[in-house]
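As a plain string of letters, each chain reads:
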Amino acid sequence: QVQLVESGGGLVQAGGSLRLSCAASGRTLSTYSMGWFRQAPEKEREFIAAIMWSGGSTQYADSVKGRFTIFRDNAKNTVYLQMSSLKPDDTAVYYCAAARYGALEMIRTQALPNWGQGTQVTVSS
């Protein structure tokens, strides 16, 4: 079992940037596909970005494509979400999740067994 801890959230003005981190312990992340998700108040949790364990290919939701970047540093056992050109609509609790040898469909449908506790991102207008 891998334990995940998100950090890096906070308050930022519209147009600003933040980098979220998802640090893993208990297992090495090199064999895990990873996803970032978010849940805004009174809304369902949604998929944002994925990075696959093999080859490092990435996928993004249309709402963040071109503004957010997911990347990993296996040496640090950490996955990151670089967020730029932030909008008030990006305000949410952001979660990372992991699945060993996970497929993209598993990530997009949020069927991952390992989740972090979330970090709050608030974008002011």
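Quick caveat: nothing in here was measured; it's all calculated off a predicted structure.

1. Observations concerning the state of the cysteines
Link 1 in the chain: Using the criterion set out here, one finds one disulfide in the structure.
Link 2 in the chain: In this model, Cys22 is linked to Cys96 through a disulfide, with the two sulfur atoms separated by 2.0 Å. Across the S-S bond linking Cys22 and Cys96, the dihedral sits near 65 degrees, which makes this disulfide right-handed. In this pair, Cys22 sits in strand 3 (residues 18–25) while Cys96 sits in strand 9 (residues 92–100), placing the two residues 74 residues apart along the sequence. Here the two residues Cys22 and Cys96 agree in accessibility, since each one is buried.

2. Topic: the packing of aromatic side chains
Link 1 in the chain: Summed over all chains, the structure comprises four aromatic pairs.
Link 2 in the chain: Ring geometry for Phe37 versus Trp115: centroids 4.8 Å apart, planes at 45 degrees, classification tilted. Taken together, the positions of Phe37 in strand 4 (residues 32–39) and Trp115 in strand 10 (residues 114–115) put the pair 78 residues apart, joining distant regions of the chain.
Link 3 in the chain: Judged by its relative accessible area of 0%, Phe37 is buried.
Link 4 in the chain: With centroids separated by 5.0 Å and ring planes inclined at 20 degrees, the aromatic side chains of Phe71 and Tyr80 adopt a geometry described as stacked.
Link 5 in the chain: Cluster of aromatic residues (ring-pair linked, three or more members): Phe37, Phe47 and Trp115.
Link 6 in the chain: The aromatic ring of Tyr80 is capped on one face by Arg19, whose charged end is 5.9 Å from the ring centroid.

3. With respect to the environment of Arg27
Link 1 in the chain: Here Arg27 lies in the loop between strand 3 and strand 4.
Link 2 in the chain: For Arg27, a relative accessible area of 36% puts it in the partly exposed group.
Link 3 in the chain: Linking Arg27 and Ile51, residues 24 residues apart in sequence, is a C-alpha distance of 17 Å.
Link 4 in the chain: The residues contacting Arg27, other than those within four sequence positions of it, are Gln1, Val2, Tyr32, Asn77 and Arg100.

4. Details of the sheet that holds strand 8 (residues 78–83)
Link 1 in the chain: One open sheet holds the four strands; their spatial order is 1-3-8-7, and the pairing between them is antiparallel. On the outer flanks of this sheet lie strand 1 (3–7) and strand 7 (68–73), each paired with one strand and no other. Between one strand axis and the next, the sheet turns through 15 degrees on average, direction left out of account.
Link 2 in the chain: Across six bridges, strand 7 lies against strand 8 in antiparallel orientation. Across the sheet, residue Thr69 finds its bridge partner in strand 8, namely Gln82.

5. What to know about the pattern of salt bridges
Link 1 in the chain: Scanning the entire structure with this criterion turns up four salt bridges.
Link 2 in the chain: For Glu46, the salt bridge identified is with Arg38, shortest N-O distance 2.6 Å.
Link 3 in the chain: Its relative accessible area of 32% is what places Glu46 among the partly exposed residues.
Link 4 in the chain: With a closest N to O distance of 2.8 Å, Arg67 and Asp90 form a salt bridge. Here Asp90 lies in the loop between strand 8 and strand 9 and Arg67 lies in the loop between strand 6 (58–60) and strand 7, a separation of 23 residues in the sequence.

Criteria and thresholds
- Residues numbered from 1 in each chain as written.
- Predicted model: local features only at pLDDT ≥ 70, side-chain atom pairs only at ≥ 80, totals over all residues.
- Heavy atoms only, no water.
- Disulfide = S-S within 2.5 Å.
- Helix = DSSP H or I, 4+ residues; strand = E, 2+ residues; numbered from the N terminus.
- Buried < 20%, exposed > 50% of the residue type's maximum accessible area, 1.4 Å probe, protein only.
- Phe/Tyr/Trp six-rings, centres within 6.5 Å; stacked < 30°, edge-to-face > 60°.
- Lys NZ or Arg CZ within 6 Å of the ring centre and 35° of its normal.
- Contact = heavy atoms within 4.5 Å.
- Pairing = 2+ DSSP bridges.
- Axes fitted to C-alpha atoms, helices over the stretch in contact; angles between N-to-C directions.
- Salt bridge = Lys/Arg side-chain N within 4 Å of Asp/Glu carboxyl O.

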